[in-house]
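Secondary and tertiary structure notes
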Amino acid sequence: MAQPRTMFDKIWESHVIVDRDDGQTLLYVDRHLCHDGSFFAFDMLRDTGLPVRRPDQTFTVPDHYVPTRGHELDDAVDEERREMIVKLDRNAKQFDLTIFGLGDKRQGIVHVVGPEQGITQPGMLMVCGDSHTSTHGALGAIAFGIGASEVSHVLATQSIWQRKPKTMRITLTGARPFGVLAKDVILAIIARIGAGAALGHAVEYAGPIFAAMSAEERLTVCNMSIEAGARCGMIAPDETTFAYVKGRPYAPAGEAWQKAVAYWKTLPSDPGATFDKEVGIAADDIAPMVTWGTSPEDALPITGQVPDPADEADAARRAAKEKAIDYMGLVPGMKLTDIRIDKAFIGSCTNGRIEDLRIAAAVVKGRRVAVPAMVVPGSGLVKEQAEKEGLDRVFTDAGFEWLESGCSMCVGMNGDTIDPGERSASTSNRNFVGRQGPGARTHLMSPAMAAAAALSGRLCDVRELSLAPSEGD
Amino acid sequence: MEPFTSLTATAVPFDEVNVDTDQIIPSRLMRKPREDANYHTFLFHDLRYNEDGSEKPDFILNQAPYRDARILVAGHNFGCGSSREVAVFALMANGFRAVIASSFGDIFFGNCFNNGVLPIRVTEETAARLRADLHASPGASMTIELEPQTLTGADGTEYQFDVDPFRKHCLLEGLDAIGLTLEYENEIEAFEDRYRQERSWLYP
Ligand code: SF4
């Protein structure tokens, strides 16, 4: 019998064009996504004088620089940002690439749009000049972020050189506790294993909790794989995956669908397949999580306290903690629920999909925000769906701003930023120093927790809020 | 790409861990053209400069012995986070051609090679020791020889390092990947022909 193989190995092997003796592999790229930050790569491509090898396999969408208050070119905050959006348009035209531009309902964050359009499919090898490309692995694909030089390489050759990463399986055991969302699960995993723990590894998430998750929840989990350093994150495709992909604009249909599904069913890791590293985590201890520091690994259950660096034996880690606490303007030992916030942001490629907005709206319904808060749908289609369901009214009635799709305050590149020293409750994926603006202090959490924080003006345990009537702290 | 063979230069000890690429270059500077006359100021911009543009004297690159540094010795998980290649552009604009750390963000690691910057992975102990030696003699030089894969610390100790043979070859020759890949044009075409038949659902 053939050696049992991991899902990663199966997909990897089926994309090998050339295996060199020196360990480098040339891999075929099924689908390539570009966004408005990819302009360096197009300039590099122009320098080579080469065309795009497979224009039909490249999809482009502006997201990082797009305005969210109004969705016309003229709404861009300045000439420079407008130019970024225009540049992508020009590049797409010049190289004959599909673009979901401003004014197209399909426009949105590249990692929301790929799955939503059915561009992302099981068994694929996908790349994008963005580290959160790991998101797409949630549907059973190898998907990873690349740099600008590599983007130009993929445009020119539809292939990419890689050294095969090691494999890591993260198995979650036990039952998912009440009030724990996909975001809590991935934050808890990263807190447990560390921000660099998966460097050089392709991660597969396994166990009944992931199997029971919706496709959108899985996208949230895989999105943050990169925050543990992983090359990519994946979840085995199953009926949930197939049901999610079916009927989407770029998904196969008819006879092609049958063929595809038959193949997709062969993808999950074989029983007995071995991974270079196995990590087991008990889900029972996971609670709604928030980050207190400046790395996604600085996450704790909301019932916890800001850690005391003095408890840290390792000098470098102690210094890092001290610095993070200082930057965040916190005091060791203070209760996380005593942290007051200035702004709340619900959106991003981690938590900007329809299910995220539904969960947040369920928390918000009938209550009022205590601080300025905004909802930025992950795509125009997410926005449209939310409006059909009346979620926009729930948010605006509560005092939230209801905005147009894009990356927005996740990274602040379009001008949506937090002021220096201000503190946000954010559903995005990075709490890095200055990520949401110079001096901005970011606390990462789930959409339910961010909604709860917006209502109470402080970090708070959504499990308590959802039981109690509106209190208006 | 400018070839890399050997480098003797001032090395700066950078003690932080998990230095993300948002730190190396803030995202609001990513839209700037590489020709921008101030590109060198983008490196670690918010750590290095006050809001009025004046230097923060505490920041190590602003200290006299390290102003000409071209080698950076960091802690673990250097260059994690965003895939922005401009992080490497900003290092290069300051003359950096080598970064040494016990681990790197994978995408940053690849971006370095693609721009002729050599990232060197060493053990946690070695990285700590190299930094300690540099702190002990501020402004000291280190030497990196790519062909024999050696680096010499501030105290004269020589270390061996690993480098991917393919990457090494490209660095030594100054080769860019696209040119190399085009030599495999026949293989790519053969792959595509077969693949399009086997995976017909991908090609409606
Ligand atoms: S939403 Fe944030 S993390 Fe996602 S692609 Fe946009 S900037 Fe990157």
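In this text, all values refer to a predicted model and were calculated from it rather than measured experimentally. (Residues numbered from 1 in each chain as written. Chains lettered and ligands numbered in written order. Predicted model: local features only at pLDDT ≥ 70, side-chain atom pairs only at ≥ 80, totals over all residues. Heavy atoms only, no water.)

Residue-level contacts link 54 residues of chain B with 73 residues of chain A. Both sides together, the interface formed by chain B and chain A hides about 5,000 Å², and carbon and sulfur atoms give 56% of it. Summed over the shared surface of chain B and chain A, the result is nine salt bridges. Across the salt bridge formed by R53 of chain A and E192 of chain B, the nearest N and O atoms sit 2.9 Å from each other. At the boundary of chain B and chain A, one finds 30 residue pairs in polar contact (both at pLDDT 80 or more). Of all the secondary-structure elements, those providing two or more residues to the side of chain B that touches chain A are α1 (21-24), α3 (86-93), α4 (106-113), α6 (165-173), α7 (177-182) and α8 (185-198) of chain B. The dominant element in the side of chain B that touches chain A, judged by the number of residues it contributes, is α8 of chain B, at eight residues. Split by residue class, the side of chain B that touches chain A holds 20 nonpolar, 15 polar and 19 charged. (Contact = heavy atoms within 4.5 Å. Buried area = accessible area lost by both parts, 1.4 Å probe. Salt bridge = Lys/Arg side-chain N within 4 Å of Asp/Glu carboxyl O. Polar contact = N/O pair within 3.5 Å; in protein donor to acceptor, adjacent residues only side chain to side chain. Helix = DSSP H or I, 4+ residues; strand = E, 2+ residues; numbered from the N terminus. Nonpolar A, V, L, I, M, F, W, Y, C, P; charged D, E, K, R; others polar.)

All names here are of chain A. Near the ligand, the surroundings consist of H64, I109, H111, D130, H132, S348, C349, C407, C410, V411, N429 and R435. Of the residues contributing to the shell around the ligand, the split by class is five nonpolar, five polar and two charged. Residues from two domains meet in the shell around the ligand; each of domain 1 (7-277) and domain 2 (289-465) gives at least three. (Near = heavy atom within 4 Å. Domains from an automatic or database assignment.)

Despite not being glycine, Q158 of chain A has its phi angle at roughly 55°, a positive value. The exposure class of Q158 of chain A is buried, given its relative accessible area of 0%. (Buried < 20%, exposed > 50% of the residue type's maximum accessible area, 1.4 Å probe, protein only.)

Moving on to the pattern of salt bridges. For the structure shown, the criterion picks out 44 salt bridges over all chains. Put simply, D270 of chain A and K10 of chain A hold a salt bridge, and the shortest N to O gap is 2.8 Å. With a gap of 260 residues between them, D270 of chain A in the loop between α10 (255-264) and β12 (277-282) and K10 of chain A in helix α1 (residues 7-13) connect regions that are remote in the sequence. The exposure class assigned to D270 of chain A is partly exposed, which follows from its relative accessible area of 25%. Judged by its relative accessible area of 9%, K10 of chain A falls in the buried class. Ionic pairing is found between E80 of chain A and R31 of chain B, a salt bridge with its closest N-O pair at 2.5 Å. Of this pair, E80 of chain A sits in helix α3 (residues 79-95) while R31 of chain B sits in the loop between α1 and α2 (45-48), placing the two residues on different chains.

Residues and elements named next belong to chain A. In a regular helix each residue adds 1.5 Å, so 12 residues correspond to 16 Å; helix α6 (residues 182-193) covers 17 Å between its end C-alpha atoms and thus fits that length. Of all 12 residues in α6, nine are buried, a share of seventy percent or more. Looking at α6, one finds that the buried residues are A182, K183, D184, V185, I186, L187, A188, I189 and I190. Once α6 finishes, G194 follows within two positions and takes phi at roughly 100°, a positive value. (Expected span 1.5 Å × (residues − 1).)

To continue, consider the pairing of strand β9 (residues 166-173) of chain A. The side chains of a regular strand alternate between both faces of the sheet. All names here are of chain A. Two strands pair when backbone bridges link them, and β9 and strand β10 (residues 201-206) are joined in this way by six bridges, in the parallel orientation. Its bridge partner being in β10, T171 is matched across the sheet by A206. In this region the chain leaves β9, passes through α6 and returns to the parallel neighbour β10; the handedness of that crossover is right-handed. (Pairing = 2+ DSSP bridges. Right-handed = clockwise from strand over helix to strand, strands pointing away.)

What follows is about the packing of α6 of chain A against helix α8 (residues 215-223) of chain A. Residues and elements named next belong to chain A. Close contact between α6 and α8 brings their axes to 8 Å; oriented N to C, the two are set at 25°. Classified by the interaxial angle, the pair formed by α6 and α8 is roughly parallel. As α6 runs across α8, the sense of the crossing is right-handed. Facing α6, whose interface residues are A182, K183 and I186, α8 presents E217, T220 and V221. Within the contact of α6 with α8, the residues separate by chemical class into three nonpolar, one polar and two charged. (Axes fitted to C-alpha atoms, helices over the stretch in contact; angles between N-to-C directions. Parallel < 35°, antiparallel > 145°, perpendicular 65-115°, else oblique. Left-handed = near helix turned anticlockwise from the far one by under 90°.)

This part takes up the side chain of Q121 of chain A. Topologically, Q121 of chain A is positioned in the loop between α4 (110-116) and β6 (125-128). A residue is classified by how much of its surface remains accessible, and Q121 of chain A, at 1% relative accessible area, is buried. From its side chain, Q121 of chain A meets the backbone oxygen of Y250 of chain A in a polar contact 3.1 Å long. Among residues more than four places away in sequence, those in contact with Q121 of chain A are L139, A141, V245, Y250, A251, P252 and W264 of chain A together with W201 and L202 of chain B.

For any pair of aromatic rings, geometry is given as the distance between the ring centres together with the angle between the planes. The tally for this structure, following the rule as stated, stands at 26 aromatic pairs over all chains. Here F8 of chain A and W12 of chain A contribute two aromatic rings whose centre-to-centre distance is 5.6 Å and whose plane-to-plane angle is 35°, an arrangement assigned as tilted. Taken together, the residues span about one helical turn, with F8 of chain A and W12 of chain A both in helix α1 at a distance of four residues. Both rings, one in F104 of chain B and one in F108 of chain B, keep their centres 6.3 Å apart while their planes meet at 20°; by these two values the pair is stacked. A relative accessible area of 1% means that F104 of chain B is categorised as buried. Assessed through its relative accessible area of 1%, F108 of chain B is described here as buried. Among the aromatic residues, ring-to-ring pairing joins F78, F104, F108, F109 and F113 of chain B into one connected group. The cationic tip of R34 of chain B hangs over the ring face of F89 of chain B; the distance from NZ or CZ to the ring centre is 3.7 Å. It is R121 of chain B that lies over the ring of F109 of chain B; its NZ or CZ is 4.2 Å from the centre. (Phe/Tyr/Trp six-rings, centres within 6.5 Å; stacked < 30°, edge-to-face > 60°. Lys NZ or Arg CZ within 6 Å of the ring centre and 35° of its normal.)

Turning our attention to the sheet that holds strand β1 (residues 6-13) of chain B. All names here are of chain B. What the seven strands build is an open sheet, ordered β4-β3-β2-β1-β5-β6-β7; its pairing is mixed. Only two strands of the sheet have a single partner each, and these edge strands are β4 (118-121) and β7 (158-160). Averaged over all pairs of adjacent strands, the angle between strand axes in this sheet comes to 25°, irrespective of strand direction. Looking at chain direction, strand β5 (residues 141-145) and strand β6 (residues 150-152) are connected through three bridges and run antiparallel. The residue of β6 that forms the bridge with T143 is T152. Here helix α5 (residues 124-136) sits on the sheet in contact with β1, β2 (71-73), β3 (98-101), β5, β6 and β7, set at roughly 80° to β1.

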